[in-house]
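Here is what each chain is made of, one letter per residue.
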Amino acid sequence: MSSARSLNRFWEWGRKIICVGRNYIDHAKELNNAIPSEPVLFLKPPSAYVREGSPILVPFYCSNLHHEVELGVVIGKGGTAIPQKAAMEHVAGYALCLDMTARDVQEECKSRGLPWTLAKAFNTSCPVSEFIPKERIPDPGNVRVWLKVNEQLRQEGNTSSMIFTIPFLISYISQVITLEEGDLILTGTPKGVSSVQEHDEVQAGIEDIVSMTFRVERQ
């Protein structure tokens, strides 16, 4: 396992971001999606990372950018076909994450049967907090996350409502995609997703553990 110092800056060297869609029933319903029987996966490149102090950029081709607040899982030990019972041994820690989504583009992609890359993988589409050591979240299956836009609460949910648990996701993903040290798994978002506009201020947090703030600007 890597040193805590390097994992503290996983966003600088981690090789991939693996995202789970529709992992909360209420969120799937609010977008009129079917409840999945197995995880819905998509990827973001490392260039999607953005940290506090830099803005979230609305892509030039997007007219409806949505926020999605999520618990991120930082992998500390790689593996392939990891058993569920051993999955948490591969977790180094966590991060608060946003899955910024060009919703208008995603809807068009879905209607045409195309991949979601333009809607999900653009620069600054993955704002992340500081690294949270594993010990600070002893039960990742019972964590409250929230998000506000201009001080108004938009999203609030608990990871206990996830359809697929973190150990299941780690095992499932690693059967298809080898997990590597520094990888990030976005575990899905609760209900309440909505649009943000240029000059908005987005705040998000995990209980009393971490919070972060980003401004929205147009590309």
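The coordinates are above.
Note that this is a predicted model, so its numbers are computed, not measured.

**Points about the packing of aromatic side chains**
At step 1: On inspection of all chains with the given rule, the structure shows 7 aromatic pairs.
At step 2: Seen in terms of ring centroids, phenylalanine 164 and phenylalanine 168 are 5.5 Å apart; in terms of plane orientation they differ by 20 degrees. Their pairing is stacked.
At step 3: Here phenylalanine 164 falls in the buried class, since its relative accessible area comes to 9%.
At step 4: Take phenylalanine 168: its relative accessible area is 27%, and that puts it in the partly exposed class.
At step 5: Ring-pair connections join several aromatic residues into one group, and the members of that group are Phe10, Trp11, Tyr49 and Phe131.
At step 6: Across from the ring centre of tryptophan 11, 4.0 Å away, lies the NZ or CZ of arginine 51, which sits over that ring.
At step 7: Positioned above the aromatic ring of tryptophan 146 is the side chain of lysine 148, whose terminal nitrogen or guanidinium carbon lies 5.4 Å from the ring centre.

**Remarks on the sheet that holds strand 1 (residues 17-21)**
Neighbouring strands of a sheet are bound in pairs by backbone hydrogen bonds; such pairs are parallel or else antiparallel.
At step 1: The 6 strands are arranged 2-1-13-6-7-10 in an open sheet whose pairing can be described as mixed. Unpaired on one side and paired on the other, strand 2 (40-44) and strand 10 (132-133) mark the two borders of the sheet.

**Details of the sheet that holds strand 11 (residues 144-149)**
At step 1: Strand order across the open sheet formed by 5 strands is 4-16-15-11-12, with mixed pairing between neighbours. Since the sheet does not close on itself, it has two edges, and those belong to strand 4 (56-58) and strand 12 (152-158), each with one partner. Averaged over all pairs of adjacent strands, the angle between their axes in this sheet comes to 20 degrees, without regard to strand direction.
At step 2: The pairing of strand 15 (residues 201-206) with strand 16 (residues 210-218) spans 6 bridges and is classified as antiparallel. When the sheet's bridge partners are listed, alanine 204 is paired in strand 16 with methionine 212.

**Observations regarding the pattern of salt bridges**
Proximity of charged atoms lets side chains of opposite charge pair with each other.
At step 1: As enumerated under the stated definition, the model contains 11 salt bridges in all.
At step 2: The partner of glutamate 12 in a salt bridge is arginine 9, and the shortest N-O contact between them spans 2.7 Å.
At step 3: Classification of arginine 9 as partly exposed rests on a relative accessible area of 42%.
At step 4: When salt bridges with common partners are traced through the structure, they connect Lys44, Glu68, Asp99, Arg103 and Lys120 into a single cluster.

**Structural notes on unusual backbone geometry**
At step 1: Backbone geometry places alanine 81, a non-glycine residue, at a positive phi of 50 degrees.
At step 2: Locating alanine 81 in the fold gives a position in the loop between strand 6 (69-75) and strand 7 (91-98).
At step 3: For histidine 199, which is not a glycine, the phi torsion comes out positive at approximately 80 degrees.
At step 4: Relative to the elements of secondary structure, histidine 199 occurs in the loop between strand 14 (195-196) and strand 15.

**With respect to helix 4 (residues 103-112)**
At step 1: Along helix 4, the residues that are buried comprise Arg103, Val105, Gln106 and Cys109. Each buried residue of helix 4 sits inside an arc of 155 degrees when the element is viewed along its axis, so together they form one side. Of the residues in helix 4, the exposed ones pointing more than 90 degrees away from the buried face are Ser111 and Arg112.
At step 2: Contacts made by the buried residues of helix 4 are with helix 3 (25-30), strand 5 (65-66), strand 8 (101-102) and helix 5 (117-120).
At step 3: Of the residues trailing helix 4, glycine 113 is marked for its positive phi of about 70 degrees.

What counts, and at which threshold
Residues numbered from 1 in each chain as written. Predicted model: local features only at pLDDT ≥ 70, side-chain atom pairs only at ≥ 80, totals over all residues. Heavy atoms only, no water. Phe/Tyr/Trp six-rings, centres within 6.5 Å; stacked < 30°, edge-to-face > 60°. Buried < 20%, exposed > 50% of the residue type's maximum accessible area, 1.4 Å probe, protein only. Lys NZ or Arg CZ within 6 Å of the ring centre and 35° of its normal. Pairing = 2+ DSSP bridges. Helix = DSSP H or I, 4+ residues; strand = E, 2+ residues; numbered from the N terminus. Axes fitted to C-alpha atoms, helices over the stretch in contact; angles between N-to-C directions. Salt bridge = Lys/Arg side-chain N within 4 Å of Asp/Glu carboxyl O. Arc of directions from axis to C-beta. Contact = heavy atoms within 4.5 Å.

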